[in-house]
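# Structural overview
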Amino acid sequence: MMVNLRYGRGDLAVEIPSGRVSVVEPRFVPGLPDEAAAFHEAVRRPIGARPLRECVAAGERLAVAIPDLTRPLPSDRLLLWLFEELAHVAADRVTIVNGTGSHRVNSEDELRSMVGPRVLARYRVVNHSAHEPAGLAPAGRSPDGHPVFLNREWVEADRRIVLGFIEPHFMAGFSGGYKGVFPALADIGAIMHYHRASVIGDPRSTWGRLDDNPTQEQVRANGALCPVDFCVNVTLNRGGAITGFYCGDPIEAHREGCRFAKATAMAPQPHAFPIVVTTNAGFPLDQNLYQTVKGMSAAAQIVEPGGFILAAARCDDGFPAHGNFRRLMIESAGPRAILEMINAPGFSVFDQWEAQLLALIQVKAGVALYSELPDDEVRAAHLEPVADVGERLREELLKRGDVPVAVLPEGPMTIPYLETDEGKR
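## Points about the sheet that holds strand β16 (residues 303-312)
What the 6 strands build is an open sheet, ordered β3-β19-β15-β16-β17-β18; its pairing is parallel. The sheet is open, and its two edges are formed by β3 (21-23) and β18 (384-385), each paired on a single side. Pairing of strand β17 (residues 366-370) with β18, which is carried by 2 bridges, proceeds in the parallel orientation. Within the sheet, the bridge partner assigned to Ala368 lies in β18 and is Glu384. Set on the sheet, helix α11 (residues 289-300) makes contact with β15 (273-279), β16, β17 and β19 (405-408); between it and β16 the angle comes to about 140°.

So this is what it looks like as structure tokens:
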């Protein structure tokens, strides 16, 4: 059958040479007929909080956290509506903080595309940097006593609002909620502690699990060190249209949004598959190999041990070049060596968490990649480069026989899981 895989800013048409294909994709939910009206209704009748207008007084300093360019949140639309609702707050009392976490900062052109030219011209927008102490301030300590620094603009504000996008997340269960604060606005030391090997390797740190999830527990505890006055979370469909608003208290509103996301973006499967084809949902998520681990992880939820995962992601931004992910991958002899190194007592290197997750997937199944990366770079990451998706699948089916194939055209926008694992989420 023919399928269209999300790839970059378009689709990759691929013929799957099998009659036993299961296409796993999100249940399509139409966008809201009037997004702006729905926003204003949601913030005036929020979940577990006062109406938005009552949360910020005219003279108070307001910090608004938004996700960076790697997230598809329509910040340009949301910010315009937000400031309409907060018209009594002067623009010079507002700072928009771009929550980069440990990612690179975004350029002015990228910020303009994210927040829109009108907002960029009127409001102060700053990039968070986890690596620059001058831009950080002490926020408190994590439940286990580790010091946590957050963006100084955020810490020193009188009021704080966080914007986010709810989707299943491969470690925290779901994105959104306090995740727009921690790790998005945290210092690199706290981020590394949060991503330590014992937490990343814990089977409870997984897709679709909120409760008793050690990653989500850290997100909530550390994100709440500086009180969040209001949360604006949305769910989106594949066209980027908003399908729901979950606004108000960052725990209660987030939980309600997660219930919706699970019902529409997670798909139980009756059995595991020998072959799984996946993507990283196209732009902006498939800009680099680091992010593409998410799509591979989605496939790993239903691949058989010893099975085969084929991922399609452009990776125009490389591994990327910044950070340690590339070095960790290419300087190791293979996935098992990576895991031994990361799990060694005292080992702690920025970006180790993504290398650990990819290695765990590679130990379970063979992983191949169709991308714009040079073949030697793909091999250096212990992945198999693929020149033609359909042809490579034919080769694999010739080896394995007429086995069932699962296809995730939108990668981590739909998270499949085995029906036998339902009780673990």
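## A few points about the side chain of His254
Inspection of the secondary structure puts His254 in helix α10 (residues 252-265). For His254, the contacting residues outside a window of four places in its chain are Ile166, Phe174, Ser175, Gly176, Gly177, Leu210, Gln216, Arg220, Asn233 and Asp249.

## Details of the state of the cysteines
Tallying each qualifying case throughout the model produces 0 disulfides. Just so you know, Cys55 is unpaired, no disulfide at all, and the nearest cysteine sulfur is the one on Cys247, 11 Å from it.

## Quick notes on the nonpolar core
Counting residues in each nonpolar core, the largest one holds 84 residues, and the members touching the most others are Leu150, Trp154, Leu289, Met296, Phe325 and Leu383. Ranked by the residues each element gives to this core, the list is headed by α11, at 7 residues. In contact with Leu150, not counting residues within four places along its chain, are Gly135, Leu136, Ala137, Ala139, Val155, Val181, Phe182, Leu185, Ala186, Asn222 and Cys226. By size, the runner-up hydrophobic cluster in this structure holds 38 residues, among which are Val43, Leu52, Leu78 and Phe230.

## A few points about helix α14 (residues 352-364)
For α14, spanning 13 residues, the distance from its first C-alpha to its last is 19 Å, which sits close to the expected 18 Å at 1.5 Å a residue. For α14, the set of buried residues is Gln352, Trp353, Glu354, Ala355, Gln356, Leu357, Leu358, Ala359, Ile361 and Gln362.

## Quick notes on the pairing of strand β1 (residues 2-7)
Only one face of β1 is buried: it carries Val3, Leu5 and Tyr7, and the other face, with Met2, Asn4 and Arg6, is open. By the bridge criterion, 6 bridges tie β1 to strand β2 (residues 10-15) in an arrangement that is antiparallel. Residue pairing in the sheet places Arg6 in a bridge with Asp11 of β2. Between the end of β1 and the start of β2, which pair antiparallel, lie 2 residues, with Gly8 showing a positive phi angle near 60°.

## Details of the packing of aromatic side chains
All chains considered together, the criterion is met by 11 aromatic pairs. Measuring from centroid to centroid gives 5.6 Å for Tyr290 and Phe325, while their planes differ by 85°, and the two rings are edge-to-face. Of the two residues, Tyr290 is situated in helix α11 and Phe325 in helix α12 (residues 325-330); the sequence distance between them amounts to 35 residues. Here the two residues Tyr290 and Phe325 agree in accessibility, since each one is buried. Within the aromatic cluster, the residues linked to one another by ring pairs are Phe39, Trp81 and Phe245. In this structure, Arg326 is placed above the aromatic ring of Phe319, and the distance from its NZ or CZ to the ring centre is 5.5 Å.

## Focus on helix α9 (residues 214-223)
Given 3.6 residues per turn, any residue in an α-helix points the same way as the ones three and four places further on. The buried fraction of α9 is high, at 8 of 10 residues. Within α9 the residues assigned to the buried category are Pro214, Thr215, Gln216, Gln218, Val219, Arg220, Asn222 and Gly223. In the core, the buried residues of α9 are packed alongside β8 (147-151), β11 (173-174), α7 (188-194), α8 (197-200) and α10. Taking the backbone nitrogen of Thr215 as reference, a side-chain oxygen 2.9 Å away marks Asn213 as the first, capping residue of α9.

Conventions adopted
Residues numbered from 1 in each chain as written. Predicted model: local features only at pLDDT ≥ 70, side-chain atom pairs only at ≥ 80, totals over all residues. Heavy atoms only, no water. Pairing = 2+ DSSP bridges. Helix = DSSP H or I, 4+ residues; strand = E, 2+ residues; numbered from the N terminus. Contact = heavy atoms within 4.5 Å. Axes fitted to C-alpha atoms, helices over the stretch in contact; angles between N-to-C directions. Disulfide = S-S within 2.5 Å. Core = buried A, V, L, I, M, F, W, Y, C linked by side-chain atoms within 4.5 Å. Buried < 20%, exposed > 50% of the residue type's maximum accessible area, 1.4 Å probe, protein only. Expected span 1.5 Å × (residues − 1). Phe/Tyr/Trp six-rings, centres within 6.5 Å; stacked < 30°, edge-to-face > 60°. Lys NZ or Arg CZ within 6 Å of the ring centre and 35° of its normal. Polar contact = N/O pair within 3.5 Å; in protein donor to acceptor, adjacent residues only side chain to side chain.

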